[in-house]
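Okay, here's what each chain looks like letter by letter:
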Amino acid sequence: MITLLKCEYEKTRRTYLFLTVLGITLIQLCWAFYGIYREESLKWGWMMFLYQFPLVNSFFLPLLSVVISSRLADLEHKGVMLKYLAVITDKKRIYDAKLIYGLFIVSLCNLISWSATILFGYIVGFSGAVPLRLYLLYLLFTIMPTIVVYQLLHALSLLFQNQAVSFFTGIIGTFIGLFSMFLPQFPILRLVFPWGYYGALQFIGMFGWTKETRMKNVYFSVMEIDWVAFGILILMGIALYLIGEKLFERKEV
Amino acid sequence: MNEIVTTTNLTKKYGDQTCVDHLSLRIRENRIYGFLGPNGAGKSTTLKMLLGLVRPTEGTIDLFSERCTPKNRIKLLKQIGSLIESPSYYGHLNAKENLKIFATLLQVPDSNIEKVLQIVRLDKHQKKAVSKFSLGMKQRLGLASALLSFPKLLILDEPTNGLDPAGIQEMRELIKSLPSQYGMTVIVSSHLLSEIDQMAEDVGIIANGRLMYQGELNQLHETDSSKSLEQIFLDLTGKEQSL
Ligand SMILES: Nc1ncnc2c1ncn2[C@@H]1O[C@H](COP(=O)(O)OP(=O)(O)OP(=O)(O)O)[C@@H](O)[C@H]1O
Ligand SMILES: [Mg+2]
């Protein structure tokens, strides 16, 4: 498997994949950090970020997944590589190697923006130390939905030569995910689509916001964590993996 | 003589269209087997079944005297090099980088890369991205990938596609030298009789998925000395088409 991963790296040379991906991550961070940091914001800084970021993530991370998965798959489709690869190695292993490689890149981006967030908090001067336990939980609840979204896109972009399929699925899914955050009256939206889980797993609530007082009396607190949703998400990820790999293995090239 | 490939009643149906119809091929060791048939006869589909790229609807395949099953498939395929329909490559990489990836996957030494580049005469175009290659150069790269592991069996589907007359001539000489130089068995498909005639020792002719003739090319010449080979071929394949 190490050899296969090394090959994946060799394949992406000169494709500017890493540059593109870093670019998107950078835009995401600028977007997320943009704002005016007054006294109240500094006081609640750490919690405020945890409250706001799932929304930003639910847009950028699926986008990142679309870019990576279809870029990696397109390499193979363009030069009709799959029919050669299928003869010299096991198709399942190709599927796995590409998946691991793609997940490694998205997770790396996740980790970069996560660390940058903490660094940023200290630089701006958020009060208190970073609530590390909450931030680790947040990291987990960000990476997991991303992995599951990626599983789906990975399968689609390898199964369909036409990358428009995975591209549009990715875009539509992203918007479903975004809408589900603004439509708490339809909780089913969050649970049916993997993109909804950024919202479903959000565990910080904002309270005390009114039109008149605005941010003045606002406070944030930890809400109940939806472990059931987390469980469903994991099952969804496993199912997508098994189905995707099986279909890819059975597909005639 | 040993049989390297034996198929029994090999059949492929797409819906209710039968593309390959109960083919029983016998391919002997260390020979060049010409697989001949008009467009759409089912040549590529048959070769893809040999390589496990397409699942047969019916029938069996024996490779190197071993029954092909999903289990031993990879092991058997390790001894086969293939070029089906069009060459496979990563367009943004150069020829050497492409072959390096394939060599790693095949677990063959890097020294093979230089060797095959020389054989297909691509050693002068090392720096160029493959997407900028001409059709003929891509075809050569495809052949180089097929040869990379110096396999026992080489399956080439219309390898002269896109080559100019000089390239065709060169490819032909190259293919002819493989059995004696490297002990390979070669299956080469074509829809042109003249091409097969100059390369192959054995020949299988199919039309509409059915095997019309199989045997030594010399014997085909002798079947009806009053007719040209071209005429025999047309008779064999035409008969089927008018059915
Ligand atoms: N995936 C598929 N689905 C449906 N029909 C197919 C498929 N692949 C091939 N066929 C049909 O099978 C028949 C044989 O095709 P094949 O590609 O094997 O012909 P061929 O002998 O290689 O022809 P050519 O000389 O043009 O390369 C054709 O009628 C083709 O339409
Ligand atoms: Mg063909």
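Residues numbered from 1 in each chain as written. Chains lettered and ligands numbered in written order. Predicted model: local features only at pLDDT ≥ 70, side-chain atom pairs only at ≥ 80, totals over all residues. Heavy atoms only, no water.

**With respect to the site of ligand 1**
Residue and element names in this part refer to chain B. Neighbouring ligand 1 are Y14, Q17, C19, N39, G40, A41, G42, K43, S44, T45, E85 and E158. Here G42 contributes a backbone N or O atom positioned 2.9 Å from an oxygen atom of ligand 1. Notes on ligand 1: free accessible area 640 Å², of which the protein chains cover 61%. Taken together, the elements giving at least two residues each to the shell around ligand 1 come down to β2 (17–23) and α1 (43–50). Tallying contributions element by element places α1 first for the shell around ligand 1, with three residues. (Near = heavy atom within 4 Å. Polar contact = N/O pair within 3.5 Å; in protein donor to acceptor, adjacent residues only side chain to side chain. Areas by Shrake-Rupley, 256 points an atom, 1.4 Å probe, with all protein chains shown as cover. Helix = DSSP H or I, 4+ residues; strand = E, 2+ residues; numbered from the N terminus.)

**Some remarks on the packing of helix α7 (residues 132–159) of chain A against helix α11 (residues 227–250) of chain A**
Residues and elements named next belong to chain A. Relative to each other, α7 and α11 sit at 25 degrees, their axes nearing to 9 Å. On the basis of the axis angle, α7 is roughly parallel to α11. Crossing handedness for the pair α7 and α11: left-handed. Where α7 approaches α11, its residues L137, L140, F141, M144, P145, V148, Q151, L152, A155, L158 and L159 are matched on the opposing element by W227, F230, L233, I234, M236, G237, L240, Y241, G244, L247 and F248. Here the residues of the contact of α7 with α11 are counted per class, giving 19 nonpolar, three polar and no charged. (Axes fitted to C-alpha atoms, helices over the stretch in contact; angles between N-to-C directions. Parallel < 35°, antiparallel > 145°, perpendicular 65-115°, else oblique. Left-handed = near helix turned anticlockwise from the far one by under 90°. Contact = heavy atoms within 4.5 Å. Nonpolar A, V, L, I, M, F, W, Y, C, P; charged D, E, K, R; others polar.)

**Examining the domain arrangement of chain B**
Residue and element names in this part refer to chain B. In terms of domain boundaries, chain B breaks down into domain 1 (1–79 + 153–177 + 185–243) and domain 2 (87–150). Domain 1 and domain 2 are separated by 25 Å when their C-alpha centres are compared. Buried area between domain 1 and domain 2, both sides added, is near 930 Å², and the carbon and sulfur share of it is 64%. Considering only the surface of domain 1 that becomes buried against domain 2, K78, E170 and L174 emerge as the three largest contributors, covering 43% of it. Counting across the domain 1 and domain 2 interface gives two salt bridges. (Domains from an automatic or database assignment. Buried area = accessible area lost by both parts, 1.4 Å probe. Salt bridge = Lys/Arg side-chain N within 4 Å of Asp/Glu carboxyl O.)

**Things to note about the environment of G162 of chain B**
Residues and elements named next belong to chain B. Structurally, the position occupied by G162 is in the loop between β8 (153–157) and α6 (165–182). Distance from G162 to G136, taken between C-alpha atoms, is 5.6 Å for residues 26 residues apart in sequence. Setting aside residues up to four positions removed in sequence, G162 forms contacts with L135 and G136.

**Section: the pattern of salt bridges**
Taken as a whole and judged by the stated rule, the model has 23 salt bridges over all chains. Close ionic contact of R14 of chain A with E97 of chain B constitutes a salt bridge, the shortest N to O distance being 2.5 Å. Linking R14 of chain A in the loop between α1 (2–11) and α2 (17–33) with E97 of chain B in helix α3 (residues 95–106), this pair reaches from one chain into another. Exposure remark for E97 of chain B: the relative accessible area of 16% places this residue in the buried category. Between E252 of chain A and K12 of chain B there is a salt bridge, with the nearest N and O atoms lying 3.2 Å from each other. (Buried < 20%, exposed > 50% of the residue type's maximum accessible area, 1.4 Å probe, protein only.)

**Thoughts on helix α4 (residues 111–119) of chain B**
All names here are of chain B. Burial in α4 covers these residues: N112, I113, V116, L117 and I119. Buried positions in α4, seen along its axis, are confined to an arc of 160 degrees and lie on one side of it. Elements in contact with the buried residues of α4: α3, α5 (135–147) and α6. Positive phi appears at R121, one or two residues downstream of α4, with a value of about 60 degrees. (Arc of directions from axis to C-beta.)

**Thoughts on the nonpolar core**
The biggest cluster of nonpolar side chains holds 62 residues, and the ones touching the most others in it are L99, L147, L148 and L220 of chain B. Residue contributions to this core peak at seven residues, all from α3 of chain B. Counting 60 residues, the second-largest nonpolar core is a separate cluster that includes Y138, L152, I204 and A229 of chain A. (Core = buried A, V, L, I, M, F, W, Y, C linked by side-chain atoms within 4.5 Å.)

**Some words on the interface of chain A and chain B**
With 24 residues of chain A at the interface, the matching set in chain B holds 30 residues. Taken over both partners, the interface formed by chain A and chain B buries close to 2500 Å², and the fraction arising from carbon and sulfur atoms is 57%. When the buried area of chain A at its contact with chain B is split by residue, Y84, V87 and E252 of chain A rank highest and sum to 27% of it. Counting every contact that joins chain A to chain B gives three salt bridges. Listed by contribution, the elements that provide at least two residues to the side of chain A that touches chain B are α1, α4 (45–78) and α5 (82–88) of chain A.

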